[in-house]
Amino acid sequence: MRVLLVGAGGVGTAVTRIAARRGFLSHMIVADYDPARAEAAVSALKEHGDRFSARRLDAGDEDGVRRLLVEERCDVLLNATDPRFVMPLFRAALAAGAHYLDMAMSLSAAHPERPYEECGVKLGDDQFELADRWADSGRLALVGMGVEPGLSDVFARYAADELFDEIEEIGVRDGANLTVEGYDFAPSFSIWTTIEECLNPPVIYEKDRGWFTTAPFSEPEVFDFPEGIGPVECVNVEHEEVLLIPRWVDARRVTFKYGLGDDFIAKLKTLHELGLDSTAKVTVPGEDRPVGVSPRDVVAACLPDPATLGERMTGKTCAGTWVKGTKDGAPREVYLYHVVDNQWSMREYGSQAVVWQTAVNPVVALELIASGVWSGKGVLGPEALPPRPFLDLLVEYGSPWGLRDQG
């Protein structure tokens, strides 16, 4: 399999380190707007021969991406950029006749009059609008194939197939006890994406009502996470699982809650109140002339790169899917989960826990597609494909998942 990986940040670099150990990959072109990042990712893999090469690429240059896919005879485009570049990469892969994978879906837009009651443009709507064209092409666009969304959706499908007869609620719950030495505020994942998902109106799905929105950080609950992480307060945030799971899994309610903590929530609220979460450019004085800058990009530039924090981080991160329903007439409640210890991921791969946990899942998916175990055409979420092969291969990668009965 020949893969074009677009984005050589923390997650993209972790993808290369994981994929390098697997035989299914014949060649991976690592492309980034900053050629130094792509070259650094590739140069670290010299012992793996010439299976990796670096290229400079602007993810927003749709025709340039299409040309590179064709020139390099790529089977698939793996998108490891932030969600702003989903649509040009998505369209470029379609035009080139390549398969496509991403870990975050096309951006939403709040309802103009009732943002905290009704959906406007939902996450992924722009991609699903092209579903017929993808199906006609015979190619697969596998969307939301990271950890959350991604593995969490696989867990939802597995629960529906093997653990429950009827499902009342599926709730993705994410929590961690990670700390970063020397920083009072150092997010372990892209702050650009974190601001987007946490300050947008969260979406909830109910079978009798469909998709609707609520206020950011609503419905706080304390969830007890496994493997020593313990109780963490989780709140509603916008996330792709709520838009994906109901398309393929029958459940009366679907939610996503994130363990942020009071301090993180307070900082996000402050950024919003100051307008520093905005992506619209503002004019500021420059060295020679006024320049336009995005406040959110400035915030991201002022914070440490999450990919560089691994040596200072301690603790674990947990992604998982809580499911409540009935089996054989009796009530049942389970939590399917995946925990990564930062000490382990740094020792084994040189990648901090959050980016490694995100990166391993699209690599597993690529291997399943390369082998023909996963196949399909059109725009599909992870829950549209058989879950057991994915979960078995994840264990083979040395990163087991767990199941906890809740009652």
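So, a few notes on the structure that sits alongside this text.

So, on to the nonpolar core. Counting residues in each nonpolar core, the largest one holds 92 residues, and the members touching the most others are Trp374 and Phe390. Apart from residues no more than four positions distant in its own chain, Phe390 is found in contact with Met145, Leu151, Val154, Asn361, Val364, Ala365, Leu368 and Trp374. With 29 residues, the next largest nonpolar core counts Ile29, Met105, Trp134 and Val143 among its residues.

The next thing to look at is the packing of helix 8 (residues 191-199) against helix 10 (residues 262-273). Between helix 8 and helix 10, the shortest axis-to-axis distance is 11 Å and the interhelical angle comes to 90°. One finds that helix 8 runs roughly perpendicular with respect to helix 10. The residues of helix 10 that touch helix 8, namely those facing Thr194, Ile195, Cys198 and Leu199, are Phe264, Leu268, Leu271 and His272. For the contact of helix 8 with helix 10, a count of residues per class yields six nonpolar, two polar and no charged.

All right, on to the pairing of strand 18 (residues 330-341) then. The sheet contact formed by strand 17 (residues 316-327) and strand 18 spans twelve bridges and is antiparallel. Note that in strand 18 the partner of Thr317 across the bridge is Val340. Here strand 17 folds back onto strand 18, and the loop between the two strands holds two residues, one of which, Asp328, carries a positive phi near 55°. Looking at chain direction, strand 18 and strand 20 (residues 402-405) are connected through four bridges and run antiparallel. The residue bridging Val334 from the neighbouring strand is Asp405, located in strand 20.

A few words on helix 8. Within helix 8, nine of the nine residues are buried, which leaves it mostly tucked inside the rest of the structure. Among the residues of helix 8, those classed as buried are Ile191, Trp192, Thr193, Thr194, Ile195, Glu196, Glu197, Cys198 and Leu199. The elements touched by buried residues of helix 8 are strand 13 (253-259), helix 10 and helix 11 (295-302).

Take the sheet that holds strand 1 (residues 2-6) next. Pairing in this open sheet of seven strands is parallel, and the strands run 3-2-1-4-5-6-19 from one edge to the other. The outermost strands of the open sheet, each flanked by one partner alone, are strand 3 (52-56) and strand 19 (378-380). Taken pair by pair, the neighbouring strands of this sheet meet at an average axis angle of 20°, ignoring direction. Direction of pairing for strand 6 (residues 140-142) relative to strand 19: parallel, over a ladder of three bridges. Each residue of the ladder has a partner; that of Ala141, found in strand 19, is Val379.

The next subject is the packing of aromatic side chains. Tallied over the entire structure, the rule returns 16 aromatic pairs. Here Phe90 and Trp134 contribute two aromatic rings whose centre-to-centre distance is 5.3 Å and whose plane-to-plane angle is 40°, an arrangement assigned as tilted. Residue Phe90 is located in helix 4 (residues 86-96), and its partner Trp134 is located in helix 6 (residues 131-137); the two are separated by 44 residues in the primary sequence. For the pair Phe90 and Trp134, a shared accessibility class is recorded, and that class is buried. An angle of 65° between the planes, with centres 6.4 Å apart, marks the rings of Phe256 and Tyr258 as edge-to-face.

With that out of the way, let us pick up the pattern of salt bridges. Counting across every chain of the model gives 28 salt bridges. The closest approach of N and O atoms between Asp32 and Arg37, which form a salt bridge, is 2.9 Å. Taking the relative accessible area as the measure of exposure, Asp32 reaches 5% and is therefore buried. With a relative accessible area of 37%, Arg37 lands in the partly exposed category. Put simply, Arg55 and Glu72 hold a salt bridge, and the shortest N to O gap is 3.1 Å. Of the two residues, Arg55 is situated in strand 3 and Glu72 in the loop between helix 3 (62-71) and strand 4 (76-79); the sequence distance between them amounts to 17 residues. What emerges from the salt-bridge pattern is a single network uniting Glu169, Arg173, Glu206, Glu219, Glu221, Arg253 and Lys257.

Before going further, it helps to spend a moment on the pairing of strand 3. The side chains of a regular strand alternate, residue by residue, between the two faces of the sheet. Taken together, the five bridges between strand 2 (residues 27-32) and strand 3 define a ladder with parallel strand orientation. Paired with Asp32 across the strands is Arg56, a residue of strand 3. A crossover links strand 2 with its parallel partner strand 3, the connecting element being helix 2 (residues 35-43), and its sense is right-handed.

With that out of the way, let us pick up helix 13 (residues 353-371). Across its 19 residues, helix 13 extends 27 Å between first and last C-alpha, which sits within 8% of the 27 Å expected from 1.5 Å per residue. Most of helix 13 sits inside the fold, with 17 of its 19 residues counted as buried. Its side-chain oxygen 2.7 Å from the backbone nitrogen of Val354, Gln352 forms the N-cap of helix 13. One or two positions beyond helix 13, positive phi appears at Gly372, with a value near 85°.

What follows deals with the environment of Asp126. The residue Asp126 is located in helix 5 (residues 125-128) in this model. The class for Asp126 is partly exposed, based on a relative accessible area of 30%. Separated by 193 residues in the primary sequence, Asp126 and Ala319 place their C-alpha atoms 26 Å from one another. For Asp126, the contacting residues outside a window of four places in its chain are Met87, Ser106, Leu107 and Val121.

Reading the values: the criteria
Per chain, residue numbering runs from 1 following the sequence as it is written. A pLDDT threshold of at least 70 governs which residues receive local features in this predicted model, and a stricter bar of 80 or more applies before side-chain atom pairs are shown or counted, although totals over entire chains, interfaces and linings include all residues. With hydrogens and water stripped out, all remaining heavy atoms of the structure feed into the side-chain values. For this analysis, a nonpolar core means a set of buried residues of the types Ala, Val, Leu, Ile, Met, Phe, Trp, Tyr and Cys, connected via side-chain atoms within 4.5 Å. Classification of residues uses two cut-offs on accessible area relative to the type maximum, computed with a 1.4 Å probe and protein chains only: under 20% is buried, over 50% is exposed, and between them is partly exposed. Note on definitions: a residue-residue contact is assigned when non-hydrogen atoms from the two residues lie within 4.5 Å. Inter-axis angles, ranging from 0 to 180 degrees, are taken between N-to-C directions of lines fitted to C-alpha atoms, where helices are fitted over the stretch in contact. Strands are runs of DSSP state E lasting at least two residues, helices are runs of H or I lasting at least four, and both sets are numbered from the N terminus onward. In this scheme, roughly parallel covers angles under 35 degrees and roughly antiparallel covers those over 145, while 65 to 115 is roughly perpendicular and the rest are oblique. Throughout this entry, Asp, Glu, Lys and Arg are counted as charged residues, while Ala, Val, Leu, Ile, Met, Phe, Trp, Tyr, Cys and Pro are counted as nonpolar. The remaining residues, Gly among them, count as polar. For two strands to pair, DSSP has to find at least two bridges joining them. Stacked, edge-to-face and tilted labels apply to pairs of Phe, Tyr and Trp rings (six-membered ring for Trp) whose centres lie within 6.5 Å, assigned for plane angles under 30 degrees, over 60, and everything in between, in that order. By salt bridge we mean one thing: a side-chain nitrogen of Lys or Arg within 4 Å of a carboxyl oxygen of Asp or Glu. Look down the strands so they point away from you; if the path from the first strand over the helix to the second goes clockwise, the crossover is right-handed. By definition here, a helix of n residues has an expected span of 1.5 Å times n minus one. Pairs of N or O atoms within 3.5 Å make up the polar contacts considered here, provided that, within protein, one atom can donate a hydrogen while the other can accept it, and that residues adjacent in sequence are counted only when both atoms are side-chain atoms.

Any functional reading would require information beyond the geometric quantities listed.
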